[in-house]
Amino acid sequence: MKKFINDPQQFVPEMLQGIALANPDTLRYEPRYNLIFRADAPRDDKVSIIQGSGSGHEPAHVMMVGKGMLDGACPGDVFAAPPMDYVYESAKRLASDAGVLLLVNNYTGDRMSFEMAQEMSEADGMKVRTLFIDDDVAVQDSTYTVGRRGVAGNFFVMKAVGAASEAGAGLDEVIRIGEKVNAVTRSMGIALTACTPPAKGSPLFELGDDEIEVGVGIHGEPGRRRAKLVTADEIVDELLAAVVPDLPYEQGDRVALMINGLGGTPISELYVLYGIAHQKLADRGITVGRSYVGEYCTSLEMAGASLTLVRLDDEIERLLEAPAEVAYRVF
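Only a predicted model underlies this, so the values are computations on that prediction, with no experimental measurement involved.

1. Here we look at the pairing of strand β1 (residues 27–30)
- As judged from the four bridges shared by β1 and strand β2 (residues 35–38), these two strands associate in the antiparallel manner. Within the sheet, the bridge partner assigned to R28 lies in β2 and is F37.
- Hairpin connection, β1 to β2: the antiparallel pair is bridged by four residues, and N34 has positive phi, about 50 degrees.

2. With respect to the sheet that holds strand β7 (residues 128–133)
- Read across the open sheet, the six strands follow the order β1-β2-β5-β3-β6-β7; overall the sheet is mixed. Where the open sheet ends on each side, the last strands, each with one partner, are β1 and β7.
- Each of β2, β3 (48–51) and β6 (100–105) touches helix α2 (residues 84–93); the most contacted strand, β2, lies at about 20 degrees to it.
- Taken strand by strand, helix α3 (residues 108–123) contacts β3, β6 and β7, and its axis lies near 165 degrees from that of β7.

3. Some details on the nonpolar core
- Within the largest apolar cluster, 64 residues are counted, with the highest numbers of intra-cluster contacts made by I19, L101, L103 and F156.
- At the level of elements, α1 (11–22), β6, β7, α4 (154–166), α5 (171–183), β11 (254–261) and α8 (314–321) are the ones that each hand at least two residues to this core.
- The element that contributes the greatest number of residues to this core is α4, accounting for eight residues.
- Those residues within four positions of I19 in sequence are excluded, and the remaining contacts are L27, I36, V62, M63 and A327.

4. So, the sheet that holds strand β8 (residues 185–191)
- Taken together, the six strands give an open sheet; going across it, the order is β10-β9-β8-β13-β11-β12, and neighbouring strands pair in mixed fashion. The open sheet is flanked by β10 (225–228) and β12 (287–294), the only strands paired with a single partner. Geometrically, the sheet is characterised by an average inter-axis angle of 20 degrees between neighbouring strands, direction not taken into account.
- Relative to strand β13 (residues 304–311), β8 is paired through seven bridges, and the arrangement is antiparallel. Along β13, the bridge assignment pairs G189 with S306.

Rules behind the numbers
- Residues numbered from 1 in each chain as written.
- Predicted model: local features only at pLDDT ≥ 70, side-chain atom pairs only at ≥ 80, totals over all residues.
- Heavy atoms only, no water.
- Pairing = 2+ DSSP bridges.
- Helix = DSSP H or I, 4+ residues; strand = E, 2+ residues; numbered from the N terminus.
- Contact = heavy atoms within 4.5 Å.
- Axes fitted to C-alpha atoms, helices over the stretch in contact; angles between N-to-C directions.
- Core = buried A, V, L, I, M, F, W, Y, C linked by side-chain atoms within 4.5 Å.
- Buried < 20%, exposed > 50% of the residue type's maximum accessible area, 1.4 Å probe, protein only.

Shape is all these values report; function is a separate question.
This is the structure:
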C-alpha cells in the first residue's frame, strides 16, 4: 500500500503539526501529549470538551476542534488509545472553572485511559467528568470493547455538547445533553476493503473482490458477517434493517441521517447511498430533517460507509443547527 509517510512512528505527530500550521489563528499544538486545542482555551465561562481515541479516524477528532465543537483532542497512535498521561495532561492544560468533559468512544483501551485520567484529575481538585459513546448496533461486544462501539455517531454528541458549552451550559447540563443525544443515535457500517495502518504496512484483513464485511468496526474489527457484494439498494436495506428497529425509529419520527465515508469511498457513491436511504425512510413514514453526507469518522483508506440515524426533537435540532468553526472545512 502506497502512502505519503516518512517514519511511520512519526506519522501522527507530523499530521498534528500540519493541522496546527494550517490553522495558526485558531489552533495550538502541544507535541508532548499529541494535543490539538483551541487558541482561546481554556475559558472559565464554558465547560472544556476533550475527545481522544486513536488516530486514523480523521477528521475525528482532531479536525473537530474549534468554536462550537471540541476544545481539545489528544489522540493516540493509529488505532491505539491515547496514553493516560496524554489525557490527564490535556485535562490539566484545558481545565476550566466550569469543568471538563471527556468524551470517550466505547473501546476498552480508551475507557481505561480516560477513567484513570479522570481519577488523577479529580485528585488534583479538577472538576472532570466522562461520557461514553456507544452508537454502533453491529455487535454487542468485540475484540476492542465490552458493550457497543462508538463510531460515527460520536459527531452528533460532540456537536451537541459543544454547542451547549459554547452557550454557557454548566457541566451537569452538558452531560445531560450528551447522554440524551447518545441515547437516540444508532449507526452501522459496511466495508468493501480493508485498510493499512502505516506502521503495519499490510491490510488488517482480507476481503475478496466480491465480498463485503457487514457491521465492520472502524479499527477493522469483524462485523456481523461476511457476505457477497450486492447492490446499493440491498446494502441500504441491510443497514436500515439493523439500525431502524434498534431504538426503534418509528413512523412520525424526524431524524438526522448521516452517510459517513470510511476513507476510501467517492463522495458520489455516498450520495447514492444517501438518496436510497432517504427514500426508504420516507417509505417508513420517517422524515429526514437534517442531512450529513461525507467523511466524519473514517478508518484510514478503508472503502465503505456507515449509516447513522439520530431521533430529533426541538432541543437536539437547535444544538445541531448552532454555528461551529473547525479545521475540517471544504471551502
